[in-house]
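Architecture and fold: a report
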Amino acid sequence: SKRVAIFISGGGSNMRALVRSMTGDHPARPALVLSNTADAGGLEWARAEGIPTEVVDHRPFKGDRAAFETALAECVAPHAIDIIALAGFMRVLTSGFVTPWRGRMLNIHPSLLPKYRGLDTHARALAAGETEAGCTVHEVTPALDDGPVLGQARVPVLPDDTPESLAARVLEQEHILYPIVLRRFAGGDRRPVMLP
Ligand code: GAR
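Because the structure is predicted, anything quoted here is derived from the model rather than measured.

Focus: the UniProt feature "domain: Formyl transferase N-terminal" (unreviewed entry) in the chain
According to UniProt, the "domain: Formyl transferase N-terminal" (unreviewed entry) feature falls on residues 2–181. Strand forms 24% of residues 2–181 and helix 33%; the C-alpha atoms that close the span are 14 Å apart.

A look at unusual backbone geometry
Peptide bonds are, in most cases, trans, and in most cases residues other than glycine have a negative phi. For the bond running from L113 to P114, omega is 15 degrees, close enough to zero to count as cis. Locating P114 in the fold gives a position in the loop between strand 5 (105–109) and helix 5 (121–127). A cis amide bond links L195 to the next residue, P196, at an omega of -5 degrees. The phi angle at K62 is positive, at roughly 45 degrees, despite the residue not being glycine. Assignment of secondary structure puts K62 in the loop between strand 3 (53–55) and helix 3 (65–76).

Considering the UniProt feature "site: Raises pKa of active site His" (unreviewed entry) in the chain
In this numbering, the UniProt entry assigns the feature "site: Raises pKa of active site His" (unreviewed entry) to D145. Along the polypeptide, D145 turns up in the loop between strand 6 (132–139) and strand 7 (149–156). Here D145 is in contact with N107, H109, L113, R117, G118 and H138, once residues within four sequence places are set aside.

Let's talk about the sheet that holds strand 8 (residues 193–195)
Ordered by their spatial adjacency, 8 strands build an open sheet running 3-2-1-4-5-6-7-8, and the pairing between neighbours is mixed. Two strands lie at the open edges of the sheet, namely strand 3 and strand 8, each paired on one side alone. Across the sheet, the axes of successive neighbouring strands diverge by a mean angle of 15 degrees, strand direction being ignored. Where helix 1 (residues 13–21) meets the sheet, its contacts fall on strand 1 (2–8), strand 2 (28–35), strand 4 (83–86) and strand 5, and the angle it forms with strand 1 comes to roughly 165 degrees. Of the strands in this sheet, strand 1, strand 2 and strand 3 touch helix 3, which is tilted by about 145 degrees from strand 2.

Digging into the side chain of Q152
Note that Q152 resides in strand 7. Since its relative accessible area comes to 7%, Q152 is described here as buried. At 2.8 Å, the side chain of Q152 and the backbone oxygen of L113 are in polar contact. At a separation of 2.9 Å, a polar atom in the side chain of Q152 contacts the side chain of T136. Once you skip the residues sitting within four places of it in the chain, Q152 turns out to touch L112, L113, C135, T136, L177, V193, M194 and L195.

Quick notes on the rules
Residues numbered from 1 in each chain as written. Predicted model: local features only at pLDDT ≥ 70, side-chain atom pairs only at ≥ 80, totals over all residues. Heavy atoms only, no water. UniProt positions renumbered as here; feature names shortened; annotations may be inferred. Helix = DSSP H or I, 4+ residues; strand = E, 2+ residues; numbered from the N terminus. Contact = heavy atoms within 4.5 Å. Pairing = 2+ DSSP bridges. Axes fitted to C-alpha atoms, helices over the stretch in contact; angles between N-to-C directions. Buried < 20%, exposed > 50% of the residue type's maximum accessible area, 1.4 Å probe, protein only. Polar contact = N/O pair within 3.5 Å; in protein donor to acceptor, adjacent residues only side chain to side chain.

Now the structure itself:
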């Protein structure tokens, strides 16, 4: 089966949903959880699950993205990874890392791409008066939050929403969408999944 590396920076709730989904007849298995920060809450959970973990701290590289990405690639290499799933990984990856993984790396982003690339997606959606929001899983290309869409899930924006309440509603859908997309992707099916 396919060996999946999941990259995180924080609590890793999407990572947990992906790991939990990779059982039984699933065409992939979790083979590595990698974080750019040692205090990412998800690392401890992954260790307890018996999944190999790695930390590549970006800070010593002081903005030298090429050197950080070389270290990332060297860290991933021994794990014989087939697919990388970015799951709340909060470092921008440039073509030096992305290009060799083209077609084998996914990301989840908390907006209905192509709307609201980058950060603070929910605050921006609310400020714009959007009536719906959501999340997108896409193939990673060197352009930020771009690349072929593999799936989207939509939620309503409610009148009293704050960025936090909207984020929580979207995150629930992330935990449903990402496992569906990863399963299909690992099985070679790249047709977009649209939820609901
Ligand atoms: C998720 O909402 C994910 O879509 C978002 O960060 C959160 C991570 O939560 N990703 C980005 O903003 C990527 N730029 P998690 O650590 O609980 O999965």
